[in-house]
Amino acid sequence: MGQIQSSVGLITGVPIEQMVNQLIQIAGRPRDLLTARNKDLQSQNVAVGALTALTLGVQFAAASLGEASTFEQRQATSSDTALLSVSVTGNPPLGNFALTPVRQATSQQLLSGGLASLDEPIGAGSLTFRFGGFLDDAIALDRLNGGEGISRGKIRVTDRSGASAVVDLRFAATVDDVLKAINTSEAVNVQATTHGDSIRLTDQTGGAGSLTVQEVDGGTTAADLGILLQTSSEVATGQDVLRLHNGLKLAALRGGNGLSLRDALADLEITFRDGSDALSIDLGDVSTLGELVDALNEADPARLSAAISSDGDRIELTDLTSDTGGTFSVSSASGGQLAEELGLTGAATGGLISGARLQAGLKTSLLSTLNGGQGYASLGLIELTDRSGATDSVDLAGSDTLDDVIEAINDASVGITARLNGSRNGIILQDTTGATANNLIIASGDGTNTAEALGIAVDVADASVNSGSLNLQIIGAGTKLASLNYGEGVGSGSFLITDSAGNSGAVNLTIAGATTVGDVINEINSLSIEVEARINDTGDGVLLVDQAGGTQTLTVTDVGNGRVAERLKLAGTAVEIDIEGTPTQAIDGSTAIELDIDEDDTLADLVEKINALGAGVTAGVISTGIGDNPHRLSLLSEIPGRAGALLVESSNDSLKFQEVVAAQDSLLLFGSPDSLGAGVLLASNSNTFEEVVPGLSATINGTSQQPVTVSVTGSDKSLVSGVTQLVSAYNRLRDKLTEATFFNATENTTGVLFGSNEALRVDSDLSRLFSGRIAGVGELQSLESVGIRLGENGKLTFDQEQLQAAFAENPQAVRDLFATKQLGFVARLDKVAEALAGEENSLLVNRSRTLNNKTESNADRIAFFNDRLSRQRERLLLEFFRLELTIGKMQSSIDSIGQIQAIAPLHVTPAS
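Residues take numbers from 1 onward in each chain, read along the sequence in its written order. A pLDDT threshold of at least 70 governs which residues receive local features in this predicted model, and a stricter bar of 80 or more applies before side-chain atom pairs are shown or counted, although totals over entire chains, interfaces and linings include all residues. Note that the side-chain values use all heavy atoms of the structure and ignore hydrogens as well as water.

Draft legend 1. Region of the structure containing the overall build of the protein. Starting at the N terminus, helices and strands are each numbered in turn, a helix being any DSSP run of H or I of at least four residues and a strand any DSSP run of E of at least two. Per the secondary structure count, the protein includes 22 helices and 47 strands. All radius of gyration figures rest on C-alpha atoms, and the globule criterion is 2.2 Å times the number of residues raised to 0.38. For the protein, the C-alpha radius of gyration of 47 Å lies well beyond 29 Å, the compact-globule estimate for 912 residues. Taken over the C-alpha atoms alone, the protein extends approximately 205 × 85 × 80 Å along its principal axes. Only protein chains enter the calculation, and the probe is 1.4 Å; a residue is then buried if its accessible area is under 20% of its type maximum, exposed if over 50%, and partly exposed in between. Looking at the protein as a whole, 43% of its 912 residues qualify as buried. Long-range pairs, those at least 24 residues apart, make up 65% of the contacts in the protein with a sequence separation of at least 6. Surface summary for the protein: the accessible area is close to 43300 Å², and the carbon and sulfur share equals 48%. His is not counted, nor are the chain ends, whereas Lys and Arg count as positive and Asp and Glu as negative. Lys charges are placed at NZ, Arg charges at CZ, Asp charges at CG and Glu charges at CD. Separation between the mean location of the 59 positive side-chain charges and that of the 113 negative ones in the protein comes to 19 Å. The contact rule is simple, with two residues in contact once any of their heavy atoms fall within 4.5 Å. Note on areas: Shrake-Rupley, 1.4 Å probe, and residue coverage restricted to the protein chains presented here.

Dropping the structure here:
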């Protein structure tokens with residue numbers, strides 16, 4: 001039945017709704033009291049939740065004070081930041097370090113010869129840019145003496161005229177630095193050069209005395225360089241100071257091209273003199289020469305022995321079996337090339353096979369690393385005829401290095417000298433006779449075609465012959481991918497190769513775990529497509545050769561956001577090259593970049609073309625304004641340090657370059673140059689040295705021969721920050737406690753948790769902990785001893801200077817106070833905080849649960865009351881409606897009765 005729509009009785013005029021509301025209000029007083037109680041409980045719960053969070057906040061704020069790193073933080077200062085700045089990157093050891101900023105890194109700069117105009121054509125030709133590939137890179141001094149290096153210091157050189165000079169080698173990093181220091185000494189006339197693994201000194205005075213090299217101040221520098229000597233000869237060759245050793249990384253062998261070891265595959269096959277079964281050897285993941293030798297010796301100790309040769313240049317294998325007519329031989333396992341790289345494929349002498357030289361020397365290159373790493377099958381005789389007509393034969397059969405070739409030619413009885421060419425990538429033979437009657441003739445003297453192989457075969461009326469590039473290999477199968485692109489590596493990801501028949505295969509370097517160029521080559525060659533991968537003929541990249549013979553184009557594309565193929569110089573489409581007389585599609589990942597110069601190109605055009613290459617070199621024009629040819633082409637390497645040394649070849653005679661700024665690494669001497677041995681010299685291709693000591697980096701801002709003192713001390717920064725956060729967190733909790741438990745006697749008001757046992761417990765337990773004694777942790781046993789105090793208002797105050805002074809005086813005591821396990825402040829706070837606000841069965845959490853339960857129970861009762869009151873309201877309204885109806889009926893009856901009129905009595909006449 002519906003409710004009465006009118007709020008006032010239509011019959012009685014009584015305010016029905018008002019009366020019902022008043023009656024319901026009276027009846028709802030128990031519900032209202034319960035609702036008010038529930039709101040109070042909810043407020044309490046909110047306050048308890050806030051206390052829980054703030055208590056945990058105090059615990060979390062203190063957490064850092066329990067960590068060792070907070071008390072082990074370091075700060076580093078430099079005594080001269082204008083020369084050297086330092087920064088902490090980890091946890092360096094405490095102490096003072098002497099660091100001498102010897103040299104800043106420089107980028108190479110080259111200048112061409114003079115040109116007359118910016119706008120006139122310079123003539124057709126080409127320029128080739130390549131980083132690395134120099135044939136005379138000097139070895140680092142740290143590689144000498146079996147990897148022990150040298151003790152840097154000063155030496156005294158006395159020439160045969162009796163003149164003497166002290167040569168400062170405290171900052172020498174390479175053999176070149178040693179040679180330069182001796183050769184530029186103005187007090188003596190001695191020329192220093194290299195001879196194989198030794199330094200050679202030549203007296204140029206013509207004097208009759210002794211050529212002498214002595215130590216200075218008790219050092220051992222001369223002895224370490226092998227030139228501690230006294231001789232009456234004009235020429236003195238020092239001792240052999242470059243030898244293979246067990247700790248030498250395989251990646252450093254063969255001019256830095258390493259060895260082609262294969263993962264999970266045999267590397268070598270060996271047969272023995274006794275005719276027993278051949279031995280297959282998998283060398284696994286060896287990384288040093290010592291590990292390689294050990295692996296060979298462990299392969300079959302009864303039949304095979306391996307060792308570094310007595311001259312320290314090669315590996316020797318010995319057949320331990322008896323000679324019964326068999327053959328002792330070594331070959332690469334199928335698909336490998338390790339035996340060839342080690343030079344072990346030659347015939348045995350008895351039971352001994354001696355390998356190839358694995359290190360070039362102090363300042364030269366192995367012949368085996370020329371011709372793109374293919375070397376020369378065999379060198380033999382060359383016939384030399386100078387322009388005066390004199391002739392001589394030179395036998396190059398025993399040559400291991402380019403220096404051996406140059407020295408053999410220079411020892412010939414003709415007026416011809418050999419030296420490196422201007423680009424330092426080949427050799428030049430120069431007629432020194434001054435004669436013009438005959439041609440300069442260089443020819444092969446046997447069937448080895450030696451002169452042709454070396455690029456010096458000539459019969460011309462000219463005074464010189466230049467071999468051009470001998471293509472020193474700079475990338476091999478053992479080259480680390482991380483070393484490519486000037487040390488930036490190739491990144492990770494995948495690339496897709498599609499052969500000319502349309503077949504595709506993907507190489508994922510990440511899944512393959514590839515770390516070397518050889519790994520990449522092996523992955524490509526294992527694909528089910530007709531593409532062969534190998535080192536290219538110039539030895540500076542990977543070559544992909546299509547073998548499908550299809551009609552489509554061989555292509556390589558990077559997959560996704562990776563740039564692996566691009567960084568390997570393989571991304572793109574193939575071009576046709578001649579392979580054994582057959583045009584073949586190929587992609588050459590050479591790192592060299594060739595630029596064609598058109599006939600009408602001007603100097604300005606050339607600058608624009610070079611800068612558009614993206615070859616890592618910036619071109620510009622230097623105009624002197626002097627002379628008929630005032631303009632010069634400037635080339636600046638964009639790669640700092642030695643790695644940015646730019647090898648430029650030009651076919652245009654007007655574009656011959658000379659180096660005006662050398663590419664040099666920065667040098668930092670760890671130690672004082674005045675100490676015996678002068679410390680350790682560090683090199684970097686930038687001016688920043690990461691981890692100069694563990695956890696400390698240094699940046700050279702200027703140079704000096706005096707050390708800068710770097711002080712590493714303990715830092716209180718994290719400690720102060722941690723205590724500041726703790727104090728702040730506690731005071732926020734204190735503010736909340738005050739707000740929740742206040743009592744205002746004037747207004748007779750209280751906080752929502754006034755009288756709450758939980759609030760009192762939080763207050764008392766934490767106050768007691770922060771102000772009480774912390775026993776068993778050592779010298780400091782209270783927070784007050786480190787400047788943390790409870791004030792009169794219950795809040796913490798923090799005296800930062802007192803904490804810093806305590807930490808400076810006894811850092812261990814401060815650490816023990818906070819961080820001692822179980823007994824320290826943080827451990828105690830953890831226990832208190834967990835008891836008060838921890839997730840499991842803590843005071844505040846349990847109180848919150850109780851309040852939640854009461855609130856939910858009350859909510860149910862309130863809902864019950866509301867339902868009952870609603871029904872009561874309906875009933876009252878219905879009763880009033882019925883009353884209205886009843887009254888209405890009564891009113892209607894009264895009205896009806898009121899309309900009734902009296903009827904006159906009938907008068908009856910009696911009968912007569």
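Draft legend 2. Fine view of the pairing of strand β23 (residues 440–444). By the convention used here, strands pair only if DSSP detects at least 2 bridges between them. Two elements, strand β19 (residues 381–385) and β23, share 4 bridges in a ladder whose sense is antiparallel. Directly across from I382, in β23, lies its bridge partner S444. As defined by bridge partners, β23 adjoins strand β24 (residues 458–460) across 3 bridges and the pair is classed as antiparallel. Each bridged residue has a counterpart across the sheet, and for L440 the counterpart in β24 is V460.

Draft legend 3. Representation of the pattern of salt bridges. The rule for a salt bridge is simple: a side-chain nitrogen of Lys or Arg has to be within 4 Å of a carboxyl oxygen of Asp or Glu. Tallying each qualifying case throughout the model produces 27 salt bridges. D313 is paired through a salt bridge with R357; the nearest N and O atoms lie 3.0 Å apart. Of the two residues, D313 sits in the loop between β15 (304–308) and β16 (315–319) while R357 sits in the loop between β18 (352–354) and β19, which places them 44 residues apart along the sequence. The burial state of D313 is the same as that of R357; both residues are buried. Here E784 ties to R789 by a salt bridge, and the two come within 3.6 Å at their closest N and O atoms.

Draft legend 4. Inspection of the confidence of the model for the protein at higher detail. Every residue gets a pLDDT, meaning the predictor's confidence in that residue, from 0 to 100. For the protein, the mean per-residue pLDDT works out to 90, and 96% of the residues sit at or above 70. Overall, residues 1–5 carries pLDDT values under 50, and its contacts beyond four positions in sequence, including any with other chains, amount to 7 contacts.

Draft legend 5. Representation of helix α20 (residues 811–819) within the structure. Restricting attention to buried positions, one finds in α20 the residues A813, V814, L817 and F818. The buried side chains of α20 occupy one side of the element, clustering within an arc of 125° when seen end-on. Looking at the buried residues of α20, the elements they touch are α3 (68–72), α17 (717–741), β46 (788–790), α19 (800–809) and α21 (825–837). Throughout, the arc means the angular range of directions from the helix axis out to the C-beta atoms.

Draft legend 6. Region of the structure containing the nonpolar core. Judged by nonpolar contacts, the single largest core of 48 residues is most densely connected at F770, V814, F818 and F825. For this core, the elements supplying multiple residues, two or more each, are α2 (29–63), α17, α18 (757–771), α19, α20, α21 and α22 (843–898). Among the elements that take part in this core, α17 stands out by supplying 10 residues, more than any other. The residues contacting V814, other than those within four sequence positions of it, are F71, L719, L780, V786, L803, A806 and F807. Throughout, nonpolar core names a set of buried Ala, Val, Leu, Ile, Met, Phe, Trp, Tyr and Cys residues whose side chains join them through atoms within 4.5 Å. Counting residues in each nonpolar core, the second largest holds 30 residues, with V175, L201, L211 and V241 among its members.

Draft legend 7. Quick peek at a negative patch on the surface. Surface patches are defined over residues having more than 30% relative accessible area and no salt bridge, joining like charges when they lie within 9 Å and nonpolar side chains (Val, Leu, Ile, Met, Phe, Trp, Tyr) when within 5 Å. On the surface, D263, D282, D285, E291, D294 and E298 cluster together to form a negatively charged patch. On the secondary structure map, D294 appears in helix α8 (residues 289–299).

Draft legend 8. Representation of the pairing of strand β20 (residues 391–395). Judged from the 5 bridges that link them, β19 and β20 form a sheet pairing that is antiparallel. Directly across from L381, in β20, lies its bridge partner D395. Taken together, β19 and the strand that follows it, β20, pair antiparallel across an intervening segment of 5 residues, in which G389 is found at a positive phi of about 100°.

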